Amino acid sequence: MTSEEKTLPTTTRSAVLQKVFDLEVKDTPIKKMEPTDVMIKIMAVGICGSDVHYYDTGRIGNFVLEAPLIMGHESAGQIVAVGNEVQDFKVGDRVAIEPGIPCGKCEYCRTGRYNLCPDMEFMATPPVDGDLTQYITYPADFVYPIPDDMSYEVGSLSEPFSVSVHAAQLMDIQPGKTVFISGAGPVGLLSILAAKAFNAGDIIISDAEESRLAMAKEFGAAHTIDVTKKDVKEEVKSFTDGEGVDYVMEASGNNGAESDALLTLKPGGKIAYIGMPAQDTTPLDITFMTTNEPQIFGVFRYANTYPLAIEILHGQMELANRLLTDFYSLDEVTDAFERTRTGKSDSLKTIIYPNEKLRDE
């Protein structure tokens, strides 16, 4: 054992979901480093809607909380140790962490669609522990450098932003084409940045909160729709000379919005369903589908997106920082989850600091 190995921590303070509505900060063991691993001091973790689903319901689809689980999967940190077979990183490097480890052997992994790997180990998805903890060891292959002038908080946005980038890639958004984004929460706002990065033309976005629609304008939306006052389908048609849009990114997860979003497409248009729905099923207009030939994409996480996501975020750091609204220490984790769960209109992305708190407001 080297002197470096002797000084590495063997336990870490973690936010553990014991059962529904029961988060506990406690010491947990750190997985032993393999030669291809790095050890990372986690500096910032964003809270995702899926984390909140486990917190308040204990399940998402077939994934059920059956044992205590370390939460968190949107993170950035600093490398404190490297395995002896790691070539691309050194101690001190600042990195974002892709939270899923695929098997690397199945059909989906071999064809580059590793997000569909049936044996994926994805952080904070039962039974796989997450990274809302002070230190983790992790395969270097799924760690990505972030620029020195990018904060750890913005670096943690690489994970949710990757979902938007993946949706844009699936639909193959073409320059100058129109895009409608349903929902102006964090993923919806990030979807504006993704659509802009693919050189989309006019971007239309809807939401029920005026403050979020105002921010969407700052992010680059050409038109906004307040769903409490206007009919989405009619408004989208009015903004597109009656034609409908080329692409839709449904980021609200609202069942009614999911149904309506499809109907904003022009014939032959494409829609990507990103948002996590409150209910498993949503009625879709089959007559519209059979007469207009839309292409429908489900979006499940992402694959091969992190380098591009980090590059785009680096060019949009001022806007990305606007998404960061709430900041908590690890000991305040229950307050952080409650803040995210209650969904206040002035709250977008909640950040938790497993080590030192970097921001207070």
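Shown above is the structure to which this text applies.
Residues numbered from 1 in each chain as written. Predicted model: local features only at pLDDT ≥ 70, side-chain atom pairs only at ≥ 80, totals over all residues. Heavy atoms only, no water.

Caption draft 1: Looking closely at the overall build of the protein. Scanning the protein from terminus to terminus reveals 13 helices and 20 strands. For the protein, the spread of C-alpha atoms along the principal axes amounts to about 70 × 40 × 40 Å. Nonlocal contacts in the protein, meaning residues at least 24 apart in sequence, comprise 71% of its contacts between residues at least 6 apart. (Helix = DSSP H or I, 4+ residues; strand = E, 2+ residues; numbered from the N terminus. Contact = heavy atoms within 4.5 Å.)

Caption draft 2: Region of the structure containing the packing of aromatic side chains. Tallied over the entire structure, the rule returns six aromatic pairs. For the ring pair Phe 21 and Tyr 55, a centre distance of 5.1 Å and an interplane angle of 80° mean the geometry is edge-to-face. One end of the pair, Phe 21, is in the loop between β1 (11-19) and β2 (22-29); the other, Tyr 55, is in helix α2 (residues 49-57), and 34 residues separate them in sequence. Here the aromatic cluster, defined as three or more aromatic residues joined through ring pairs, consists of Phe 21, Tyr 55 and Phe 337. Here Arg 94 stacks its cationic end above the ring of Tyr 152, 4.4 Å away from the centre of that ring. We note Arg 301 situated over the ring of Phe 122; from NZ or CZ to the ring centre the distance is 3.8 Å. (Phe/Tyr/Trp six-rings, centres within 6.5 Å; stacked < 30°, edge-to-face > 60°. Lys NZ or Arg CZ within 6 Å of the ring centre and 35° of its normal.)

Caption draft 3: Just a nonpolar patch on the surface, in detail. On the surface, a cluster of nonpolar side chains totalling about 240 Å² of accessible area is made up of Tyr 108, Leu 116 and Phe 300. Among the secondary structure elements, Tyr 108 is positioned in helix α3 (residues 107-110). Residue class for Tyr 108 comes out partly exposed when judged on its relative accessible area of 33%. (Patch = residues over 30% accessible without salt bridge, like charges linked within 9 Å, V, L, I, M, F, W, Y side chains within 5 Å. Areas by Shrake-Rupley, 256 points an atom, 1.4 Å probe, with all protein chains shown as cover. Salt bridge = Lys/Arg side-chain N within 4 Å of Asp/Glu carboxyl O. Buried < 20%, exposed > 50% of the residue type's maximum accessible area, 1.4 Å probe, protein only.)

Caption draft 4: A look at the sheet that holds β1. Spatially, three strands are ordered β2-β1-β6 in an open sheet, and the strand pairing comes out antiparallel. Both edges of this open sheet fall to β2 and β6 (69-70), since each of them pairs with a single strand only. (Pairing = 2+ DSSP bridges.)

Caption draft 5: Summary view of the pairing of strand β19 (residues 324-329). The buried fraction of β19 amounts to five of the six residues, a majority that puts the element mostly inside the structure. Where β19 and strand β20 (residues 349-353) come together, five bridges link them in parallel fashion. Residue Phe 327 lies in a different strand from β20, and its bridge partner there is Ile 351.

Caption draft 6: Representation of the sheet that holds strand β15 (residues 223-226). Taken in spatial order, the six strands line up as β15-β14-β13-β16-β17-β18 in an open sheet, and their pairing is parallel. Every other strand in the sheet has two partners, leaving β15 and β18 (295-298) as the edge strands with one partner each. Neighbour-to-neighbour, the strand axes of the sheet open up by a mean angle of 15°, direction not taken into account. Pairing analysis gives five bridges linking strand β16 (residues 245-250) to strand β17 (residues 265-273), with the strands arranged parallel. From the neighbouring strand, Val 245 faces β17, where its bridge partner is Leu 265. Against the sheet, helix α6 (residues 186-197) makes contact with β13 (179-182), β14 (203-207) and β16, and its axis sits at roughly 175° relative to β14, the strand it touches most. (Axes fitted to C-alpha atoms, helices over the stretch in contact; angles between N-to-C directions.)

Caption draft 7: Focus on the side chain of His 166. Among the secondary structure elements, His 166 is positioned in helix α5 (residues 158-171). In this structure His 166 touches Asn 115, Val 299, Phe 300, Arg 301, Tyr 302, Ala 303 and Thr 305, once residues within four positions along its chain are discounted.

Caption draft 8: Seen up close, the nonpolar core. Ranked by size, the top nonpolar core spans 96 residues in total, and within it Ile 40, Leu 132 and Phe 337 carry the most contacts. Counting residues in hydrophobic clusters, the runner-up holds 14 residues, among them Val 248, Leu 262, Leu 263 and Ile 271. (Core = buried A, V, L, I, M, F, W, Y, C linked by side-chain atoms within 4.5 Å.)

Caption draft 9: Main features of the environment of Asp 149. Following the sequence through the fold, Asp 149 ends up in the loop between β12 (143-145) and α4 (152-156). Side chain to side chain, Asp 149 and His 314 meet in a polar contact 2.8 Å long. (Polar contact = N/O pair within 3.5 Å; in protein donor to acceptor, adjacent residues only side chain to side chain.)

Caption draft 10: Region of the structure containing unusual backbone geometry. With omega at 5°, the peptide bond leading from Pro 126 into Pro 127 counts as cis. Phi at Phe 21 takes a positive value of approximately 65°, unusual for a residue other than glycine. For Phe 21, a relative accessible area of 43% puts it in the partly exposed group. Positive phi outside glycine occurs at Ala 124, with the angle close to 60°. Structurally, the position occupied by Ala 124 is in the loop between β10 (121-122) and β11 (135-139).

Caption draft 11: Seen up close, the packing of α6 against helix α7 (residues 210-219). Running from N to C, α6 and α7 point in directions that differ by 20°, and their axes come no closer than 10 Å. When the axis of α6 is compared with that of α7, the two are roughly parallel. Helix-helix and strand crossings are classified by hand; for α6 and α7 the assignment is right-handed. Where α6 approaches α7, its residues Leu 189, Ile 192, Leu 193 and Lys 196 are matched on the opposing element by Arg 212, Met 215, Ala 216 and Phe 219. (Parallel < 35°, antiparallel > 145°, perpendicular 65-115°, else oblique. Left-handed = near helix turned anticlockwise from the far one by under 90°.)

Caption draft 12: Region of the structure containing the pattern of salt bridges. Across all of its chains, the model carries 18 salt bridges by this definition. Of the charged contacts, one joins Lys 19 and Asp 22 as a salt bridge, the two residues approaching to 3.0 Å between their closest N and O atoms. Residue Lys 31 pairs with Asp 37 through a salt bridge whose shortest N-O separation is 3.2 Å. You can call Lys 31 partly exposed: its relative accessible area is 48%. Residue Asp 37 is classed as buried on the basis of its relative accessible area, which comes to 3%. Ionic contacts of the salt-bridge type, sharing partners, join the residues Glu 210, Asp 226 and Lys 229 into one network.

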